[in-house]
Amino acid sequence: MRIGIGYDIHRLVEGCKLVLGGVEIPHHKGLLGHSDADVLLHALIDAVLGAAALGDIGRHFPDDDSQYKNISSLILLEKTCRLVMRGGFAVQQLDTVIIAEQPRLAAYIPQMRANISRTLKLNISMINVKATTHEGLSPIGK
Ligand code: MG
């Protein structure tokens with residue numbers, strides 16, 4: 001059994017969509033990025049790649065490659081899944097944490113889990129998404 005970890009952060013700005021776990025969440029700000037900037041899925045992709053010792057998201061899906069411009073990160077997650085399966089691995093279970101002051105995310109978590117479940121062909125009972133704030137502390141909390 002292998003375990004991987006992933007981390008990602010994107011800048012919150014006006015005029016961008018907020019997409020987390022493949023769910024478009026209504027909010028006055030969104031995440032800036034080359035793809036859809038879905039930080040949750042990016043961290044998940046890094047965790048899966050890490051467990052398989054296959055590098056990181058930037059190596060497989062470079063952010064200066066036009067084919068990934070505005071792409072849904074669910075597609076990147078699906079490609080990642082195929083990559084690790086080629087190495088003889090399969091994702092068994094995953095646990096994630098989203099840190100965000102706003103908006104409240106609890107209502108969107110079931111759809112995020114369903115999206116990940118469908119993409120990885122993994123039973124939803126093996127997928128956990130947690131959301132917390134940073135209590136306004138440090139640059140992340142601000
Ligand atoms: Mg990212």
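Before going into details, it helps to say that this report is about the structure given with it.

Conventions used here
Starting from 1, residues in each chain are numbered consecutively following that chain's sequence as written. The model is predicted, so local features are restricted to residues of pLDDT at least 70 and side-chain atom pairs to those at 80 or more, both for listing and for counting; the totals for chains, interfaces and linings are taken over all residues. No hydrogens and no water enter the side-chain calculation; it runs on all heavy atoms of the structure. Only N, O and S atoms count as donors, using a 2.8 Å cut-off from the metal and 3.2 Å for Na, K and Ca, and because water is excluded some sites may appear unfinished. Put simply, DSSP marks the helices as runs of H or I at least four residues long and the strands as runs of E at least two long, and each gets a number from the N terminus on. Each residue is placed in one exposure class: buried if its accessible area under a 1.4 Å probe, protein chains only, is under 20% of its type's maximum, exposed if it is over 50%, and partly exposed if it falls in between. Patch membership requires more than 30% relative accessible area and the absence of a salt bridge. Residues of like charge join within 9 Å; the nonpolar side chains Val, Leu, Ile, Met, Phe, Trp and Tyr join within 5 Å. Here, Shrake-Rupley sampling with a 1.4 Å probe gives the accessible areas, and only protein chains in the shown set may cover a residue. Salt bridges are defined by distance alone: a side-chain nitrogen of Lys or Arg within 4 Å of a carboxyl oxygen of Asp or Glu. By definition in these notes, contact holds between two residues if any of their heavy atoms fall within 4.5 Å. Should DSSP find at least two bridges between two strands, the strands are taken to pair. The definition of a right-handed crossover adopted here requires that, viewed with the strands pointing away, the path from the first strand over the helix to the second runs clockwise. Two rings belonging to Phe, Tyr or Trp (six-membered ring only in the last case) form a pair when the distance between their centres is within 6.5 Å. Interplanar angles under 30 degrees mark stacking, angles over 60 mark edge-to-face geometry, and anything in between is tilted.

Further remarks concern the coordination of the magnesium ion. Perfect tetrahedral coordination of a metal by four donors corresponds to 109.5 degrees between them, and perfect octahedral coordination by six donors corresponds to 90 or 180 degrees. Here the magnesium ion is held by the protein donor atoms Asp8 (OD), His10 (NE2) and His42 (ND1), which lie 2.0 to 2.2 Å from it. Look at where the donors of the magnesium ion fall in the sequence and you get D-x1-H-x31-H. One end of the pair, aspartate 8, is in the segment before strand E1 (12-14); the other, histidine 42, is in helix H1 (residues 39-51), with 34 residues separating them in the sequence. Assessed through its relative accessible area of 26%, aspartate 8 is described here as partly exposed.

Before going further, it helps to examine a nonpolar patch on the surface. The grouping of Tyr7, Ile9, Val97, Ile99 and Ile140 at the surface amounts to a nonpolar patch, some 490 Å² of accessible area in total. Positionally, isoleucine 140 belongs in helix H5 (residues 138-141).

Here we take up the side chain of serine 73. Relative to the helices and strands, serine 73 resides in helix H3 (residues 73-86). Overall, serine 73 belongs to the buried group, its relative accessible area being 0%. Those residues in contact with serine 73, other than ones at most four positions away along the chain, are Ser35, Asp36, Asp38, Leu41, His42 and Ile45.

Looking now at the pairing of strand E5 (residues 94-99). The alternating pattern of E5 places Leu94, Thr96 and Ile98 on a buried face and Asp95, Val97 and Ile99 on a face that is not buried. For E5 and strand E6 (residues 127-132), the ladder comprises 6 bridges, and the chain directions are parallel. Each bridged residue has a counterpart across the sheet, and for threonine 96 the counterpart in E6 is valine 129. A crossover connection joins E5 to the parallel E6 through helix H4 (residues 109-120); in handedness this β-α-β unit is right-handed.

Taken as a whole and judged by the stated rule, the model has 3 salt bridges. The shortest N-O distance in the salt bridge between arginine 82 and glutamate 78 comes to 2.7 Å. Of this pair, arginine 82 and glutamate 78 both sit in helix H3, 4 residues apart, which is roughly one turn of the helix. Owing to a relative accessible area of 43%, arginine 82 belongs among the partly exposed residues under this scheme. Glutamate 78 sits in the partly exposed class, given a relative accessible area of 25%. Two residues, lysine 130 and aspartate 95, come together in a salt bridge whose shortest N-O distance is 2.7 Å. Placement of lysine 130 in strand E6 and of aspartate 95 in strand E5 is noted, with a sequence separation of 35 residues between them. Given the relative accessible area of 32%, lysine 130 is considered partly exposed.

What follows covers the packing of aromatic side chains. Geometry of an aromatic ring pair is reported as the spacing of the ring centres plus the angle between the planes. Per the stated rule, a full pass over the model turns up 1 aromatic pair. Both rings, one in phenylalanine 61 and one in tyrosine 68, keep their centres 5.4 Å apart while their planes meet at 85°; by these two values the pair is edge-to-face. The exposure class of phenylalanine 61 is buried, given its relative accessible area of 9%.

So, about the environment of proline 62. In this fold, proline 62 is placed in the loop between helix H2 (57-60) and H3. Here proline 62 falls in the partly exposed class, since its relative accessible area comes to 24%. Residues proline 62 and histidine 34, 28 residues apart in the sequence, show an inter-C-alpha distance of 9.2 Å.

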